[in-house]
Structures are given as C-alpha cells and as structure tokens.
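Inside the fold
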Amino acid sequence: MFNPKSRILVVDDMMAMRKLVGKALLELGFTDVTVAADGALGWEAFAAASPKIDLVISDWNMPVSTGIDLLKRIRGDGRFKTTPFILLTAESEKSQVVTALAAGVSGYVVKPFNVDSLRQIIEKVGAETSAA
Amino acid sequence: MTLAKISTGRKTPMQPISVIEDGKTLLIKLPAELDGEFIEQMITESKAWLLRPVALLVFDFKDVQELKLAAYRPFVILSRLAKQGDKHIKSIGLSHRLELQIKSDGVLGSFNPFSPADLAKERAGVTAKPTSTAIDVALINPFVEATVSTLQIQCQTPSTPGRPTLLKVEDKEYNPSIGILGIISLSTAKFHGSIALAFPEKVYLKIYENMFGEKHDSISSDLQDAAAEILNIIYGTAKTQLNQTPGFDLQPAIPMVLAGEKLKIHQKTREKIIVLPFESAAGPFQMEIALDSK
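Residues numbered from 1 in each chain as written. Chains lettered and ligands numbered in written order. Predicted model: local features only at pLDDT ≥ 70, side-chain atom pairs only at ≥ 80, totals over all residues. Heavy atoms only, no water.

When its secondary structure is counted, chain A shows five helices and five strands. In chain A, the order of α-helices and β-strands from amino to carboxyl end is β-α-β-α-β-α-β-α-β-α. The burial tally for chain A puts 50% of its 132 residues in the buried class. For chain A, the proportion of contacts with a sequence separation of at least 24, taken over those separated by at least 6, is 69%. (Helix = DSSP H or I, 4+ residues; strand = E, 2+ residues; numbered from the N terminus. Buried < 20%, exposed > 50% of the residue type's maximum accessible area, 1.4 Å probe, protein only. Contact = heavy atoms within 4.5 Å.)

Structural data, given as structure tokens:
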C-alpha cells in the first residue's frame, strides 16, 4: 500500500498532463513526485532515483520512447519486476490493453480521468502489490 | 410473433423489471424509480440477459422520470459487457430532458437513445446501405460524445453539442473567432481527412482556468499543450469507439497546435467539412471534421 511519502514518477510528453496528474496526486496526499517527458527520460529518472521509485504513472504514446518501452525496460531489469506501473492513456482498445498486460502493467487509467478514478486505481494497485 | 415473458424479477413492494424476449430483441421495461435496490437487482439480473441468444437489448425508459448519477453504473457496466459479447444496447422512451442529461454527463454511448421507428426498422431487419452520410453520422457521434465527456471530466467544463452543419469547401466563407487550434490527421482504408478543435481565446483561457485553477490573460506557449492534450483525449476516446466498427481503423496520431491572432481553418479537403458547434460553461467552441473518400 502506498503512503504520502511514496515516491512517484509521472511520465508524459504533455506538460499539461504532467501538471494535471501532479495536481491530482497532491490532492490525494502524495508529495514526492518526479516528472519526465518521455520513456527514455523516464528510465533515466527511474534508474537514478534513490531511494527507489515506488510507483510509475506513465502515458502510452510519447515521442522518442513510449510508455510501453519504459514498462518493458523496467520489467527487464530484475530489480524492478514488481515495481507498480500504471498506464494513463487515451488508448483503451482491447488489443492495446492486451499488449499492456503482456508487458506487465499493474493498472490502467483511461483518459479522461479525475482524481477519484486515479485514487481508485492507485489503491487497487497498492493493495495488489502488498498482497503479492 | 410469439412473445415469451422470461422474467418479472422484482420483488414486492417494488415494481418488477419486466423483461420480454421476442427472438431478436430483449425488451427491458424500466420502473419509474431507479433506486439503489433497483441498481443492485439490475446488475445481478443483467448477467442472465447477456446470456440470452439475442443481439439487441432495448431499455424502455417511458416511465422513468429521474436518472441519478448512481443509476448510470449498471448501464455503463452492461454496455461494456454487451460490446464484448457482440450485443448492442439501445434505449427508447427517454425524455428530451434525460437525453440531454446523459449527453452532458458524457454517458450517451452507454444508453444509445433510439426512436421507436428506428427500433422497429432494426427489429424488422431493415439495414441502411452504407452511404457517405452513414459514415458521417457514425464518425460524428463518437467525436461529439468524446468531446462532451473530455470537457466535463478533464476540464470541469460542462458542454452541450449544437446542430452539426455540413459545408462544401466552396461555401466555407465563415470566419469564426479562433485563439487556439488543435489539428489531428485522420486516415483509414475508406477515407482520409482531419479534425480540428478551435477555441476563441477567452473560452480557452476559462477552460484552462477550470482545469488548473490558474488565471491567464493570454495564451502563452506554456498554455498551448493543454489544447493538444484535450484533442488527444477526444481523439483517443472516439478512436476506441470507432475502431469497434468494421471499416474504421484509426491509428494513433499526434496533434498539432496553433495559437495566435487571425487564425483561420483551411481544411485540405475536396469534398466536405462537418462543423460541430458546442456551447460550454466557458463559452462557445467548435470542432471541424474534413473528409475525403478514398
């Protein structure tokens, strides 16, 4: 389960969305939020973080390196196989959900989202991570 | 035609959910009050409805006067499950007020309002030949619904769609006031074109304020990518719905944003432009969809 001190990495190429997610996380009580503008920068921030990142919330479609690229890179590193990873995206077609699940996503929030839908998925992913 | 009543579900003293199957359709007549007990009962009973060998589930709202937000839940759930099982949900008898309500709350797609005449045609197996007009309608509705829900949920700005207008390129002499414009290219096997979302400056600044709680006097470069994100969400939401329909295969696309004075939309189309006006709590804005058949 996450707590207000949990370290969260938000990855989105749109500054507006990074602001919106950051604002929503603040409303939910999370204060330690790092942001990155694509999957490659997200990996740099993730790998360099100390203490380690507790939760990644990432967009799917981004230039340079996508959210799925980032997820695969994180899952490909033995140290981070269980790091909670939530995709926040406007893509919700069945084939895409299957792709995300196959890559090891922990949760999925479809845009448009609000604070409540983000809270629900964070709580669900947190509970599942604790139970694992 | 023999009608077989398969369930009268509801316990006394509540009015029962009447479910009638006629071979092609399951007609579910809703009681006047859709309260918490009804919602739970509907969620439970709807599992059995989805197992019936029918392609169409029709909800009759004739007696329903009020639709609280909590009552959306079973319809949204059922609509998703129905799609997975290749079944369709339609609603008849919705009052104009309730139809406007579900439109503005962004859940129109879960109810699919239908006129009794259209329902009779569908039950009789009358299907329209696909025409460019059918493509227009099939294309427009998901974009309208996606726009309303995105503005409502992501921007805290309720909006309602106005009447769409079809313009020929040579007729396009109107000059709407535009402060910021987002554009995405559309391309499928059947058509290509583009979709543009245009806001007057004051309207966009108010929407931005609703989203972030920040007041600004002009659209600086820092404010522009919110317009791209709004269009991105609208496109992604509509694309998900459209790609469930054969013939549409919209691909992910990246929006482009322009801001400044004296902006005009020049859609590269040989055929037609659909203008969708919206009225919102922040003021009017519009979407334009330009289409060329391949």
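When pLDDT drops low, the exact placement of atoms in the prediction is not to be read closely. The predicted model of chain A has a mean per-residue pLDDT of 92, with 99% of residues at 70 or higher. The weakest mean pLDDT in chain A belongs to helix α4 (residues 94-103) of chain A at 82; the strongest belongs to strand β3 (residues 55-58) of chain A at 98. (pLDDT = per-residue confidence, 0-100.)

In this section: the interface of chain B and chain A. On the chain A side, the residues contacting the 23 residues of chain B number 20 residues. Between chain B and chain A, a total of about 1800 Å² is buried, with carbon and sulfur atoms accounting for 57% of that surface. Considering only the side of chain B, the residues that lose the most area to chain A are B:Gln154, B:Phe212 and B:Glu229, jointly responsible for 29% of the buried surface there. The interface formed by chain B and chain A contains two salt bridges. (Buried area = accessible area lost by both parts, 1.4 Å probe. Salt bridge = Lys/Arg side-chain N within 4 Å of Asp/Glu carboxyl O.)

A few words on the packing of helix α1 (residues 15-27) of chain A against helix α8 (residues 221-242) of chain B. Two elements in contact, α1(A) and α8(B), have axes separated by 7 Å at closest approach and are oriented at 85°. By the angle between their directions, the pair α1(A) and α8(B) is classed as roughly perpendicular. Touching A:Met15, A:Ala16 and A:Met17 of α1(A) are B:Asp222, B:Asp225, B:Ala226, B:Glu229 and B:Ile233, all from α8(B). The class makeup of the residues in the contact of α1(A) with α8(B) is five nonpolar, no polar and three charged. (Axes fitted to C-alpha atoms, helices over the stretch in contact; angles between N-to-C directions. Parallel < 35°, antiparallel > 145°, perpendicular 65-115°, else oblique. Nonpolar A, V, L, I, M, F, W, Y, C, P; charged D, E, K, R; others polar.)

Okay, the pattern of salt bridges next. Residue and element names in this part refer to chain A. Under the defined criterion, the tally for this structure stands at 13 salt bridges over all chains. In this structure, the salt-bridge partner of arginine 7 is aspartate 32, at a minimum N-O distance of 3.1 Å. Highlighted residues: arginine 7 in strand β1 (residues 7-11) and aspartate 32 in strand β2 (residues 32-36), separated in sequence by 25 residues. For aspartate 32, a relative accessible area of 26% corresponds to the partly exposed category. With a shortest N-O distance of 3.2 Å, lysine 124 and glutamate 128 are connected by a salt bridge. Of this pair, lysine 124 and glutamate 128 both sit in helix α5 (residues 115-131), four residues apart, which is roughly one turn of the helix. Under the relative-accessibility criterion, lysine 124 is labelled partly exposed at 47%.

Now for the environment of B:Asp217. Residue and element names in this part refer to chain B. Tracing the backbone shows aspartate 217 in the loop between α7 (201-212) and α8. Here the alpha-carbon distance between aspartate 217 and lysine 202, two residues 15 residues apart in the chain, equals 8.5 Å. Apart from residues lying up to four places away in sequence, aspartate 217 is in contact with Glu201 and Leu205.

On to the sheet that holds β2(A), then. Residue and element names in this part refer to chain A. One open sheet accounts for five strands, arranged β2-β1-β3-β4-β5; its pairing is parallel. Both outer strands of the open sheet, β2 and β5 (107-110), are each paired with one neighbouring strand and no more. Taken over all neighbouring pairs, the strand axes of this sheet differ in orientation by 20° on average, direction set aside. Note: β3 against strand β4 (residues 85-89), three bridges, orientation parallel. Bridge assignment links serine 58 to a residue of β4, and that residue is leucine 87. Running over the sheet, α1 touches β1, β2, β3 and β4 and is turned about 155° from β1. Sitting on the sheet, helix α2 (residues 39-48) is in contact with β1, β2 and β3, with an inclination near 165° to β1. (Pairing = 2+ DSSP bridges.)

Moving on: the nonpolar core. Ranked by internal contacts, the top residues of the largest apolar core, which has 65 residues, are A:Ile57, A:Leu118, A:Ile122, B:Phe143 and B:Ile289. The leading source of residues in this core is α8(B), at eleven residues. Not counting residues within four places of it along the chain, the set of residues in contact with B:Phe143 comprises B:Leu186, B:Ile195, B:Ile234, B:Tyr235, B:Ala238, B:Leu242, B:Met287 and B:Ile289. Core analysis: the next-biggest nonpolar cluster, separate from the first, contains 31 residues, B:Leu26, B:Val54, B:Phe75 and B:Ala82 among them. (Core = buried A, V, L, I, M, F, W, Y, C linked by side-chain atoms within 4.5 Å.)

This structure, assessed with the given rule, holds one cavity of 30 Å³ or more. Taken as a whole, the largest cavity holds about 40 Å³ of empty space. Lining of the largest cavity is provided by A:Asp59, A:Asn61, A:Thr89, A:Ala90, A:Glu91 and B:Asn232. (1 Å grid on protein atoms, 1.4 Å probe; cavity = no way out; pocket = protein on both sides within 12 Å on 5 of 7 lines; lining within 4 Å. Points joined across faces, edges and corners; volume = space filled by probe spheres on them.)

Another point: α5(A). What sets the pattern is the α-helix's 3.6 residues per turn: residues three or four places apart point alike. Residue and element names in this part refer to chain A. End to end, α5 covers 24 Å across 17 residues, agreeing with the expected 24 Å (1.5 Å per residue, within 8%). Where α5 is concerned, the buried positions are Leu118, Ile121, Ile122, Val125 and Gly126. Down the axis of α5, the sector holding all buried residues measures 135°, keeping them to one side. Residues of α5 that are buried sit in contact with α1, β3, β4 and β5. (Expected span 1.5 Å × (residues − 1). Arc of directions from axis to C-beta.)

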